[in-house]
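Chain by chain, the residues:
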Amino acid sequence: MVQCPNCGGLLKFDIASQKMKCDSCSSLFNPYAFDAQGAEETKEYDVTIFKCPQCGGEITSTDETAAGFCSYCGSSNVLESRISKEKRPELIIPFKKTKQDCTAAFEHFIKKAIFAPKAYREAGRADSFRGIYMPYWLYDMSQRGDINIPTSTSHRSGDYIITDHYLMRGKLDSYYNGVSYDASSTFADDISSDIAPYSVKDITQFSPSFLSGFYADLADVDSGVYKETAIDLAQESTYNYLRKSSPMAGQGFDSPKETVKSGIRTNINVTRSAMFPVWFMSYRNRDRVAYATVNGQTGKVSADVPMSVPKYLMCALAIAIILFGIFQLFFTITPKVLVLLVGVIALISVLSYGSEMKKIVSLENYEDDLGMLERERKIEEKKRARAEAQKGASFEDAQGVTGNSYVITKNDMKRAKKDTARKKKAEKKSGGMITGIMVAVFVFVIGGTIFSGGLAEILDTGNLGIGFGIAMLVLLVIALISTIKAGQSISRMRTRMGLPASICSTVSLALITIIVFSNSINDTLYYIIAIIAMVGVILNILGIIRGYNYLAMRPLPQFDIYQGGDDRA
């Protein structure tokens, strides 16, 4: 806590004046006036670390007013705390946007999200946003050396195409300074990239005084994690320049893109630690949370926006009524065309559901979040180290004295076998059940077609109904494949979601196929099957919304790390 020299009140960083302001007497001070420490002491600074008992999230503060609510899950409680010394960042970008600016930016953003739940809109009030300094790694890179790129141009001469080949040579001398990546595994990489970029024009030397009145997160991702990503970004940028803006622009590169990029030698000269400002709001629903973040320097907004099912269904119903009226006025739709249209809609919903499941699996497995992958890797290393110890391997204490080895118990063996068996059983059950259902549907279609006389109709090439039947059969096969893949995606998820919702639409497609192949003259039957198919589409759409909301809301940040009790109990 920083005290006012005049009255002893609490000093906080004031965004408007960019100075330290006293809550009591409104005196203003230079932030660096309270950081006059010796050279050795400036390597660290004191913070209070608050740990949320609800989600395990950790935040830090330099004053005593931060307790009360968690920035990551939004729970209101008195947080557990401890005092810690942390390594000082080198640089910081102070907050430039006030909380009112942040709220105005969010309200402008959320106006476009017409299906956002009312509770989520209300959660974006000014008192819901918290200012947090997030840790970043900054990379300064240079590219120097000769480049030799084979190029060619072609032109037509009479009946011939003449190609001229060249070897473009040059000297490269380029710099990329301040390329930034977030250093917190809790701060998702996609959120970090969405609110980027930060302008280094406002960057300044770090002082703990800037943190007064705000939260902060600590760096738990090593600087080496993003080095290859930063180098690839620099190579990509240079390649695009050579292709579009350099004297080589307009020349056709003969070598593949990756070959040219690999020839651009890129060196990381300096890696620096920094803190960047973020306004942070969390909207919690059970064990998942949606975040809204605003760049504290530029005001750029990124938000996880869940969807309200009632709002979506009401809008869909209104659109359906309007389209039905238009079709009735200007078109005449026969029963067969109706079921074909419904079948196409059903297939679209099946493919959309499969795509949504892929995104969810990617999100849950952190495939695009290098920081989280690094944290998971460290957790796995700890688990393997513990497993080695449990096998009876000896280990040494801090003084190098060999202690007694831990002998693995029967309970440990039972637990390991149960966990392995549970995973295999879940995968087999999901994959086997989906495949079985799909095979049964396909056999049902073929059997129903033959039983209804559809096989004879297939051989009757003069019957125009066969074209519809074949079209429906193609749609069914595509839906079967997509549903099986969706089931496989679900089996890879950490959270159980049951069978894929696209089964409903796939079954309805199977029924439509049978009716079309039967070439029934009963129009009522076509309308009934169209209604059944639309019910399946609605159920599938609800499954898509459920998947979308699952995708839009993330798991509580650190709950998987902080677990109490004895794991061997």
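The model shown is predicted, which means the values in this text are computed figures rather than measured ones. (Residues numbered from 1 in each chain as written. Predicted model: local features only at pLDDT ≥ 70, side-chain atom pairs only at ≥ 80, totals over all residues. Heavy atoms only, no water.)

## Points about the pairing of strand 11 (residues 160–182)
Here is step 1: Inspection of the sheet shows strand 10 (residues 130–157) paired to strand 11 by 21 bridges, in the antiparallel sense. Across the sheet, Ser142 pairs through a bridge with Tyr175, a residue of strand 11. (Pairing = 2+ DSSP bridges. Helix = DSSP H or I, 4+ residues; strand = E, 2+ residues; numbered from the N terminus.)

## A few points about the nonpolar core
Here is step 1: Counting residues in each nonpolar core, the largest one holds 39 residues, and the members touching the most others are Phe106, Tyr120 and Tyr133.
Here is step 2: Residue assignment for this core shows that the elements contributing at least two residues are strand 1 (11–14), strand 2 (19–22), strand 4 (44–51), helix 1 (99–110), helix 2 (118–123), strand 15 (266–285), strand 16 (288–295) and strand 17 (301–303).
Here is step 3: Ranked by residue count, the leading element in this core is strand 15, at four residues.
Here is step 4: One finds Tyr72, Cys73, Tyr136 and Tyr215 within the second-largest nonpolar core, a separate group that totals 26 residues. (Core = buried A, V, L, I, M, F, W, Y, C linked by side-chain atoms within 4.5 Å. Buried < 20%, exposed > 50% of the residue type's maximum accessible area, 1.4 Å probe, protein only.)

## Observations concerning the packing of helix 7 (residues 335–364) against helix 12 (residues 502–518)
Here is step 1: In the contact formed by helix 7 and helix 12, the axes pass within 9 Å of each other and the chain directions differ by 155 degrees. As the angle between them shows, helix 7 and helix 12 are arranged roughly antiparallel. Handedness of the helix 7/helix 12 crossing: left-handed. Contact with helix 7, carried on its side by Val339, Val342, Gly343, Ala346, Leu347, Ser349, Val350 and Tyr353, involves Ser502, Ser505, Thr506, Leu509, Ile512 and Val516 of helix 12 and no other residues of that element.
Here is step 2: In the contact of helix 7 with helix 12, the residues fall into nine nonpolar, five polar and no charged. (Axes fitted to C-alpha atoms, helices over the stretch in contact; angles between N-to-C directions. Parallel < 35°, antiparallel > 145°, perpendicular 65-115°, else oblique. Left-handed = near helix turned anticlockwise from the far one by under 90°. Contact = heavy atoms within 4.5 Å. Nonpolar A, V, L, I, M, F, W, Y, C, P; charged D, E, K, R; others polar.)

## Looking at the side chain of Ser482
Here is step 1: Among the secondary structure elements, Ser482 is positioned in helix 11 (residues 465–491).
Here is step 2: Judged by relative accessible area, which is 10%, Ser482 ranks as buried.
Here is step 3: Residues within four places of Ser482 in sequence aside, it is in contact with Val350, Leu351 and Gly354.

## Re the packing of helix 6 (residues 309–330) against helix 13 (residues 523–552)
In a packed pair of helices, the relevant descriptors are the angle between the two axes and the axis-to-axis distance.
Here is step 1: Where helix 6 meets helix 13, the axes come as close as 11 Å, and the angle between the chain directions of the two elements is 140 degrees. As far as their axial angle goes, helix 13 and helix 6 are oblique. In the crossing of helix 6 with helix 13, the sense of the turn from one axis to the other is right-handed. Judged by residue contacts, Val309, Tyr312 and Leu313 of helix 6 engage Ile541, Leu542 and Ile545 from helix 13.
Here is step 2: Taken together, the residues of the contact of helix 6 with helix 13 sort by class into six nonpolar, no polar and no charged.

## Observations regarding the packing of aromatic side chains
Here is step 1: In this structure the tally under the stated criterion is 21 aromatic pairs.
Here is step 2: Measuring from ring centre to ring centre gives 5.8 Å for Tyr72 and Phe280, while their planes differ by 85 degrees; the resulting arrangement is edge-to-face. Here Tyr72, found in the loop between strand 6 (68–69) and strand 7 (76–77), pairs with Phe280, found in strand 15; they are 208 residues apart in sequence, far enough to count as distant.
Here is step 3: A residue is classified by how much of its surface remains accessible, and Tyr72, at 1% relative accessible area, is buried. (Phe/Tyr/Trp six-rings, centres within 6.5 Å; stacked < 30°, edge-to-face > 60°.)

## Focus on the pattern of salt bridges
Here is step 1: Evaluated as defined, the whole model comprises eight salt bridges.
Here is step 2: Salt-bridge contacts for Asp146 lead to Lys171; the nearest nitrogen and oxygen are separated by 2.9 Å. Of this pair, Asp146 sits in strand 10 while Lys171 sits in strand 11, placing them 25 residues apart in sequence.
Here is step 3: Judged by its relative accessible area of 45%, Asp146 falls in the partly exposed class.
Here is step 4: The class of Lys171 is exposed, set by a relative accessible area of 73%.
Here is step 5: For Lys257, the salt bridge is made with Glu236, and the minimal N-O distance between the two is 2.6 Å. Here Lys257 is found in helix 5 (residues 257–262), whereas its partner Glu236 is found in helix 4 (residues 227–244), with 21 residues between them in sequence.
Here is step 6: A residue is classified by how much of its surface remains accessible, and Glu236, at 22% relative accessible area, is partly exposed.
Here is step 7: Through salt bridges with shared partners, one network takes in Asp232, Glu236, Lys257, Glu258 and Lys261. (Salt bridge = Lys/Arg side-chain N within 4 Å of Asp/Glu carboxyl O.)

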